[in-house]
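If you want the building blocks of each chain, they are given just below.
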Amino acid sequence: MTRNAFTLGDAVREFVRHPSPWMIGTALVVSAGARYAAGDWQPTDALVPVVMLATFPFFEWVVHVFVLHWRPRRFGRISVDSLLARDHRRHHVDPRDIPLIFIPWQSLLWILPVAVAVALLAFPRLGLGLTFLSFLTVLGLSYEWCHYLIHSDYKPKTRTYRAIWRNHRQHHYKNEHYWFTVTTAGTADRVLGTHPDPATVSTSPTSKNLHAAKPARQ
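Sequence order sets the numbering: in each chain, residues are counted from 1 along the sequence as written. Reporting in this predicted model follows two pLDDT cut-offs: at least 70 for local features of residues, and 80 or more for side-chain atom pairs to be given and counted; totals over whole chains, interfaces and linings ignore these cut-offs and use all residues. Note that water and hydrogens are dropped before the side-chain values are worked out from all heavy atoms of the structure.

The name given to the protein in an unreviewed UniProt entry is Fatty acid hydroxylase, and the organism recorded there is Mycolicibacterium setense.

> Kindly report on the side chain of H88, identifying the contributing residues and their values.
Only DSSP runs of H or I with at least four residues qualify as helices, and only runs of E with at least two residues qualify as strands; both kinds are numbered from the N terminus onward. Checked against the element boundaries, H88 lands in helix α4 (residues 83–93). The cut-offs for exposure are 20% and 50% of the maximum accessible area for each residue type, with area from a 1.4 Å probe on protein chains only; residues under the lower value are buried, those over the upper are exposed, and the others partly exposed. Residue H88 is classed as buried on the basis of its relative accessible area, which comes to 7%. Apart from residues no more than four positions distant in its own chain, H88 is found in contact with H64, L68, H69, H171 and L210. Every residue pair with non-hydrogen atoms within 4.5 Å of one another is taken to be in contact.

> A description of the side chain of E14 should follow, citing residues and the corresponding values.
Inspection of the secondary structure assignment puts E14 in helix α1 (residues 8–15). Residue contacts for E14: discarding those within four places in its chain leaves I98 and Y148.

> Describe the UniProt feature "domain: Fatty acid hydroxylase" (unreviewed entry) in the protein, listing the residues and the values that go with them.
UniProt positions are given in the numbering used here, feature names are shortened, and annotations may be inferred rather than shown by experiment. Within this structure's numbering, the places UniProt gives as "domain: Fatty acid hydroxylase" (unreviewed entry) are residues 50–194. What you have in residues 50–194 is 65% helix and 4% strand, and the ends, taken at the C-alpha atoms, are 24 Å apart.

> Describe the packing of helix α2 (residues 19–38) against helix α5 (residues 105–121), listing the residues and the values that go with them.
Interhelical geometry of α2 versus α5 gives an angle of 20° and a closest axis separation of 9 Å. Relative to α5, α2 is oriented roughly parallel. Judged by the twist between their axes, the crossing of α2 over α5 is right-handed. The residues of α5 that touch α2, namely those facing P19, S20, M23, I24 and A27, are W105, L108, L109 and L112. Comment: axis = line fitted to C-alpha atoms, over the contacting stretch for helices; angle = value between 0 and 180 degrees taken between N-to-C directions. For this classification, under 35 degrees means roughly parallel, over 145 means roughly antiparallel, 65 to 115 means roughly perpendicular, and everything else is oblique. Here is the rule for handedness: rotate from the far helix to the near one, and if that takes an anticlockwise turn smaller than a right angle the crossing is left-handed, while a clockwise turn gives right-handed.

> Lay out the UniProt feature "transmembrane region" (unreviewed entry) in the protein with the relevant residues and their values.
Per the UniProt record, "transmembrane region" (unreviewed entry) is found at residues 50–70, 98–123 and 129–150. Between the C-alpha atoms that bound residues 98–123 there is a distance of 37 Å. The span itself is 65% helix and 0% strand. Regarding residues 129–150, the helix share stands at 100% and the strand share at 0%, and the terminal C-alpha atoms are separated by 31 Å.

> Give a description of α5 that names residues and reports values.
Its 17 residues place the ends of α5 24 Å apart at the C-alpha level, agreeing with the 24 Å of an ideal helix rising 1.5 Å per residue. Considered for burial, the residues of α5 that qualify are S107, L108, A115 and A119. All buried residues of α5 fall inside an arc of 95° around its axis, so they share one side. Pointing more than 90 degrees away from the buried face of α5 are the exposed residues L109 and L121. Those residues of α5 hidden inside the fold are in contact with α2, α4 and α6 (126–151). What a helix is expected to span follows from its residue count: subtract one and scale by 1.5 Å. Our arc is simply the arc of the directions from the helix axis toward the C-beta atoms.

> Just give me the short version of the environment of H92, but keep the residues and values in it.
On the secondary structure map, H92 appears in helix α4. The sequence separation of H92 and F15 amounts to 77 residues, and the corresponding C-alpha distance is 20 Å. Those residues within four positions of H92 in sequence are excluded, and the remaining contacts are H69, H171, H172, E176, S207, K208 and L210. Polar contact is defined as a pair of N or O atoms within 3.5 Å, subject to the rule that within protein one atom must be able to donate a hydrogen and the other to accept it, and that residues adjacent in sequence are counted only when both atoms are side-chain atoms. Here S207 takes part through its backbone oxygen, which lies 2.8 Å from a polar atom of the side chain of H92.

Below, the structure is given as structure tokens:
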């Protein structure tokens with residue numbers, strides 16, 4: 001299928017063939033249902049999504065830099081290298097390999113329970129924790145959709161999506177040391193100094209092979 005023929009409908013049909021959207025979507029339905037049943041709505045329930053929206057680009061940046069771009073390390077006989085980091089290196093090798101675009105379902109087996117534990121233990125009341133959990137799954141599903149769409153053959157049609165699309169693809173095809181945000185057009189990158197003018201950045205020889213030694217200059 002050519003790039004111009006790939007529609008949003010085609011993208012949706014491919015998106016739902018993968019496990020992570022179903023896992024996160026199920027968590028969304030369950031958490032939203034539990035939130036509705038819990039009741040106890042207060043003004044802070046409206047504040048939580050606002051704070052999460054403002055901080056999510058920075059959360060993306062931190063996870064991308066320190067988890068996904070983790071350099072394997074050895075501590076004695078123990079090698080520390082997570083599945084998330086290994087699959088992300090493979091994702092850089094071939095950004096068009098569709099299964100590697102998504103969060104590994106094996107990682108979601110612990111990520112989702114950790115999110116539930118945070119919701120139940122880190123908030124002063126159950127309703128607020130469930131608000132957090134419900135909106136977190138919304139953000140997670142949005143992240144998966146946006147990341148998949150950027151790497152699909154769907155052609156950007158709006159100015160906003162084109163900016164987001166360009167920002168992330170520069171990370172893959174220009175230089176892996178910059179442009180770490182995925183769902184926004186470099187918001188956290190602009191604040192944290194990883195959103196340079198692309199014209200001033202050289203094309204990296206290791207964008208498809210993270211942590212590889214750069215070739216020596218002749």
